[in-house]
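# Report on the structure
Chain by chain, the residues:
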Amino acid sequence: MSEIKKIKEEYLLRLDKVLDQYKLNEIKTELFGKNGIISNKFKQLGSIDEDKRKEFASELNVLKNELQDLILKKNENIQNQEINKKLKDDNIDVTLPGRSYFAGKIHPVSQVIDEVTSIFSEIGFSVEEGPDVESEYYNFSALNTPENHPARDMHDTFYLHHSKDFLLRTHTSPVQIRTMLKSKPPFKIIAPGRTYRCDSDQTHSPMFHQLEGLHIDKNINMGHLKGCLYYFVKKFFEVDKVKIRFRPSHFPFTEPSAEVDIGYKIQNGKIKIGEGNKWLEILGCGMVHPNVLKNVKVNPKKYQGYAFGVGIDRLAMLKYGINDLRAFFENDIRWLEFYGFDPLDVPTNYRGLSR
Ligand code: DAH
């Protein structure tokens, strides 16, 4: 029997028995791979006597085509078998009712923290955090708040273990101190977080949220503070024009100090920010007091800057039309279903507070 015939018989038999793609590929490589039987035969053509070469070449070509066709067909068969098997095994009953699932919602407070953080990070503020349990020093003394200041009153502050040294922070301002103590100026940070005061009614909750801002550098002045707050309010309330009023005020850690009101009106029962002639207080701010800078070993003759503190819950209530602060913390899943946000819409650059 000729060599070609032998190859043919052997491979027809083997191909007939092949049941899967893996085996088929193996045979394909054996025949047509770089060192395959058929490929090698073609390479040998040159060394065959001229009178036999033509016949051999044509026989080889016929065999090559035959085997290639067979492999193609086999391939198709195997694929069809696999699809049929899959269809048979995956017995899907399309008449069954769908499975219900529960998609969680982002709490409005977390949503606002995300929004505010992304707004300030666009203009170079980075995020800092501090502990909820603070020492009296960071919460008050270092912030130039003297021993007899009314803010230290037992009625306002939650002290721990009947001690005057440790307390639940009454504001996020201690993060200013912690930040300035751990590195060197310039500082440009925001600090969102939980704060606590002994107070509870429709607009006050014993636990609430604040956002602290601090910008210290050479030659920072009140103009920078105004520019920063205008930018923030416009971005946050998504309006082109805002009316902002700086009212002189007093905070121990700033001089001068101001409270900031934004203009609004009520239209069709809804609050409209940036128009009208009513005023609403949204934050406290000022130029950082030289004593605070001295307490953290920053030279007030060389460096100065501004700070501000905003109520985050207040911002959420205003922007999203929520009128009772207590509902924020009652953990009513129906409330969250209604006022919460789709997790896929949240800006991703702040992941600090646990949700
Ligand atoms: N810590 C103040 C409060 O809780 C708010 C505040 C006012 C923060 C002025 C500041 C500031 O940083 O400069 O009432």
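Residues numbered from 1 in each chain as written. Predicted model: local features only at pLDDT ≥ 70, side-chain atom pairs only at ≥ 80, totals over all residues. Heavy atoms only, no water.

## A look at the overall build of the protein
Put simply, the rule reads: A run of DSSP states H or I qualifies as a helix once it reaches four residues; a run of E qualifies as a strand once it reaches two. Both are numbered from the N-terminal end. The size measure is the radius of gyration over C-alpha atoms, and the globule rule it meets is 2.2 Å times the number of residues to the 0.38 power. Partly exposed describes any residue whose relative accessible area lies between the buried limit of under 20% and the exposed limit of over 50%, with all areas from a 1.4 Å probe on protein chains only and scaled to the type maximum. To measure how exposed things are, a 1.4 Å probe is used in the Shrake-Rupley method; for residues, cover is taken only from the protein chains shown. Neither His nor the chain termini are counted; the positive set is Lys and Arg, and the negative set is Asp and Glu. Positions of charges follow a simple convention, taking NZ of Lys, CZ of Arg, CG of Asp or CD of Glu.
When its secondary structure is counted, the protein shows 11 helices and 10 strands. What you see for the protein is a C-alpha radius of gyration of 38 Å, clearly larger than the 20 Å of a compact globule of 355 residues, by over 25%. Reported as C-alpha extents along the three principal axes, the dimensions of the protein are approximately 115 × 55 × 50 Å. For the protein, buried positions account for 40% of its 355 residues. For the protein, the accessible surface area stands at approximately 21,100 Å², while carbon and sulfur atoms represent 52% of it. Here the protein holds 52 positive side-chain charges and 49 negative ones, and the gap between their average locations is 4 Å.

## Structural notes on the site of the ligand
The following threshold applies: Residues are labelled near a given molecule or strand when at least one of their non-hydrogen atoms is within 4 Å of it. In protein, a polar contact means a hydrogen-donor-capable atom and an acceptor-capable atom, both N or O and within 3.5 Å, with residues adjacent in sequence counting only if both atoms are side-chain atoms; elsewhere, any N or O pair within 3.5 Å suffices.
Contacts to the ligand come from 15 residues, most closely from His171, Ser173, Arg197, Gln210 and Glu212. Here Ala307 contributes a backbone N or O atom positioned 3.1 Å from an oxygen atom of the ligand. Contact distances for the ligand include 3.3 Å between an oxygen atom and a backbone N or O atom of Phe308. With the chains in place, 90% of the 350 Å² that the ligand exposes on its own is no longer accessible.

## Describing the domain arrangement of the protein
This is how it is decided: Residue ranges labeled as domains rest on an automatic or database domain assignment.
By domain assignment, the protein separates into domain 1 (3-89) and domain 2 (108-339). Computed over C-alpha atoms only, the centres of domain 1 and domain 2 are separated by 78 Å.

## Comments concerning helix α8 (residues 222-237)
Definition in use: To estimate how far a helix should reach, multiply one less than its number of residues by 1.5 Å. The arc in question is formed by the directions pointing from the helix axis toward the C-beta atoms.
With 16 residues, α8 should reach 22 Å at 1.5 Å per residue; the first-to-last C-alpha distance of 22 Å fits that figure. All of the buried residues along α8 are Leu225, Cys228, Leu229, Phe232, Val233, Phe236 and Phe237. Looking straight down α8, one finds its buried side chains confined to an arc of 130 degrees; they lie on one side. The backbone nitrogen of Gly223 has a side-chain oxygen 2.8 Å away, supplied by the residue at the start of α8, namely Asn221. Of the residues one or two after α8, Glu238 is the one with positive phi, at around 55 degrees.

## A word on the pattern of salt bridges
Going by this rule: Put simply, a salt bridge is a Lys or Arg side-chain nitrogen that is within 4 Å of an Asp or Glu carboxyl oxygen.
As enumerated under the stated definition, the model contains 21 salt bridges in all. Among the ionic pairs, Lys41 bridges to Glu3, the shortest N-O distance being 2.7 Å. Of the two residues, Lys41 sits in helix α3 (residues 37-44) while Glu3 sits in helix α1 (residues 3-17), which places them 38 residues apart along the sequence. The class of Lys41 is buried, set by a relative accessible area of 9%. On the basis of relative accessible area, Glu3 is assigned to the partly exposed category, the value being 46%. For Glu10, the salt bridge identified is with Arg14, shortest N-O distance 3.6 Å.

## Describing the nonpolar core
Note the threshold: Among the buried residues, those of types Ala, Val, Leu, Ile, Met, Phe, Trp, Tyr and Cys that are joined through side-chain atoms within 4.5 Å form a nonpolar core. We call two residues contacting when some pair of their heavy atoms lies within 4.5 Å.
Of all hydrophobic cores here, the largest spans 43 residues; its most connected members are Phe120 and Phe308. The element contributing the most residues to this core is α8, with seven residues. Discounting residues that sit within four places of it in the chain, Phe308 has contacts with Phe120, Leu211, Glu212, Gly213, Leu225, Cys228, Leu229, Leu283, Gly284 and Cys285.

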